[in-house]
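Remarks on the overall topology
The primary structure of each chain is shown beneath.
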Amino acid sequence: MENLTTQMAGVPLNHYIYLCAIIFTIGVIGVLTRRNAIVIFMSVELMLNAVNLLLTAFSVHSNDPSGQVFVFFIMALAAAEVAVGLAIIVMVYRNTKSIDINVLNRLKW
Amino acid sequence: MSTQVFYFVATLSIIFSLMVIFAKNPIHSVLYLILTFFTFTVHYVLLNAQFLAVVNFIVYMGAIMVLFLFVLMLLNLNKETEPVKSPLIKIVGVIAGCCLIVTLVGSFKAASINSPLILKNQGLGLVENLGKELFGPFLLPFELSSLLLLAAMVGAVLLSKRDEVEA
């Protein structure tokens, strides 16, 4: 394990930034193009994970464990968010018999 | 050699996350999302953040994905009930995403942070080090997050309970 991680020193930090930017953007595209509420939720999870990975990379880069503690808190928050969000989706499905978010367009007014 | 492991896993995570948003069947989306999270776990291991790797494995791939799959199967969704957006909206969404990535990459290029990632302290991401941090300076947020989880649990039960009085 230590052998592997010492060899990892060659990856530049900006490649991590590009990877996380790409995955974050994929999440944004998913939110913009899908209408299924659960898939939109999963795209939000993708965005959260991209940020988590970037926080970890910067934490390793600056040798500061606070970044990894933040990631831990974000994971706890994501778990809470998923539980409440899925409960809301189940309730929406029970009332409208669909999880198409366009059914909810009355929320705009 | 092992920098190539990073590029290989990074390619896999991009491919799988693309499959998440372009798969027609929501069940397939969830399965691809599990694979994406697995590649993220590998990234954490490569960064020697072993605590986060284990937590990511248990919380995301274990708990959250089971919750997603469970709800999907409870709602009995499949390809036929899948709502589709008009192609115009899809194209506009993809173009907007491409604009976002161009902007982000351009600004990062201007910042030009290309120092290689060096792990100075081998024990940085281990449980011992993170536990000291978590129960030291971050004790109050840690306790508050337990309150958050309790509130989320109560809220989820309350939201998904049938309203017996009105019905």
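Residues numbered from 1 in each chain as written. Chains lettered and ligands numbered in written order. Predicted model: local features only at pLDDT ≥ 70, side-chain atom pairs only at ≥ 80, totals over all residues. Heavy atoms only, no water.

What about the packing of aromatic side chains?
Condition: Classification of ring pairs uses Phe, Tyr and Trp, with its six-membered ring standing for Trp, and accepts pairs whose centres are within 6.5 Å; under 30 degrees between planes counts as stacked, over 60 as edge-to-face, and the remaining range as tilted. The numbering of helices and of strands both runs from the N terminus, where a helix is a DSSP run of H or I of at least 4 residues and a strand a run of E of at least 2. A simple rule labels every residue: compare its accessible area, found with a 1.4 Å probe on the protein chains alone, to the largest value its type can have, and call it buried under 20%, exposed over 50%, or partly exposed in between.
In total, this model carries 12 aromatic pairs over all chains according to the counting rule given. Measuring from centroid to centroid gives 6.2 Å for F41 of chain A and F68 of chain B, while their planes differ by 65°, and the two rings are edge-to-face. Of the two residues, F41 of chain A is situated in helix α3 (residues 37-61) and F68 of chain B in helix α3 (residues 50-75); the pairing between them involves two chains. Like F41 of chain A, the residue F68 of chain B is buried in the burial classification.

Let's talk about the interface of chain B and chain A
Short version of the rule: Contacts are assigned to residue pairs that have any heavy atoms within 4.5 Å of one another. Values labelled buried area give the accessible surface lost by two parts on being combined, using a 1.4 Å probe and summing over both. Only one rule defines a salt bridge in this text: a Lys or Arg side-chain nitrogen within 4 Å of an Asp or Glu carboxyl oxygen. For this analysis, a polar contact is any N or O atom pair within 3.5 Å, provided that within protein one partner can donate a hydrogen and the other can accept it, and provided that sequence-adjacent residues contribute only side-chain to side-chain pairs. When residues are grouped by polarity, Ala, Val, Leu, Ile, Met, Phe, Trp, Tyr, Cys and Pro land in nonpolar, Asp, Glu, Lys and Arg in charged, and all others, Gly among them, in polar.
Every contact between the two is made by 86 residues of chain B and, on the other side, 77 residues of chain A. Summing both sides of the interface, chain B and chain A together bury roughly 7800 Å²; the carbon and sulfur share of this comes to 76%. For the chain B face of the interface with chain A, the top three residues by lost area are I21, F68 and L117 of chain B, together amounting to 9%. Our count for the contact surface shared by chain B and chain A stands at 0 salt bridges. Seen at the junction of chain B and chain A, the total is 6 residue pairs in polar contact (both at pLDDT 80 or more). Every element with two or more residues in the side of chain B that touches chain A is listed here: α1 (2-22), α2 (26-46), α3, α4 (87-111), α5 (127-134) and α6 (139-160) of chain B. Of the residues belonging to the side of chain B that touches chain A, the class tally is 57 nonpolar, 20 polar and 9 charged.

Re α2 of chain B
Each turn of an α-helix holds 3.6 residues, which means side chains three or four residues apart point in the same direction. Residue and element names in this part refer to chain B. Keep this limit in mind: In this analysis, the expected span of each helix is defined as 1.5 Å times one less than the number of residues it contains.
Its 21 residues give α2 an end-to-end C-alpha distance of 30 Å, which sits within 8% of 30 Å, the value for a rise of 1.5 Å per residue. Taken together, the buried positions of α2 are P26, S29, V30, L33, T36, F37, T39, F40, T41, H43, Y44 and L46. Taking the backbone nitrogen of I27 as reference, a side-chain oxygen 3.2 Å away marks N25 as the first, capping residue of α2.

Considering the pattern of salt bridges
If you walk through the whole model with that rule in mind, you get 2 salt bridges over all chains. Across the pair D100 of chain A and R35 of chain A runs a salt bridge, and its minimum N-O distance is 2.2 Å. Highlighted residues: D100 of chain A in the segment after α4 (66-96) and R35 of chain A in the loop between α2 (13-33) and α3, separated in sequence by 65 residues. Across the pair, R35 of chain A and D100 of chain A agree in class, each one buried. Two residues, E128 of chain B and K132 of chain B, come together in a salt bridge whose shortest N-O distance is 3.4 Å.

Digging into the packing of α2 of chain A against α3 of chain A
Residue and element names in this part refer to chain A. Heads up, the rule is: In this description, a line fitted to the C-alpha atoms serves as the axis of each element, helices being fitted only across the stretch in contact, and the angle between N-to-C directions of two axes falls anywhere from 0 to 180 degrees. Each angle gets one of four labels, with under 35 degrees taken as roughly parallel, over 145 as roughly antiparallel, 65 to 115 as roughly perpendicular, and the rest as oblique. By the definition used in this description, the sense in which the near helix is turned from the far one sets the handedness, with an anticlockwise turn below a right angle giving left-handed and a clockwise turn giving right-handed.
The contact between α2 and α3 brings their axes to 7 Å, and the two run at 165°. In terms of their interaxial angle, α2 and α3 are classed as roughly antiparallel. Here α2 runs over α3; the crossing is left-handed. Contacts from L13, Y16, I17, L19, C20, I23, F24, I26, G27, V28, G30 and V31 of α2 reach α3 at I40, S43, V44, L46, M47, A50, V51, L53, L54, A57, F58 and H61. A breakdown of the residues in the contact of α2 with α3 according to their chemical character gives 20 nonpolar, 4 polar and no charged.

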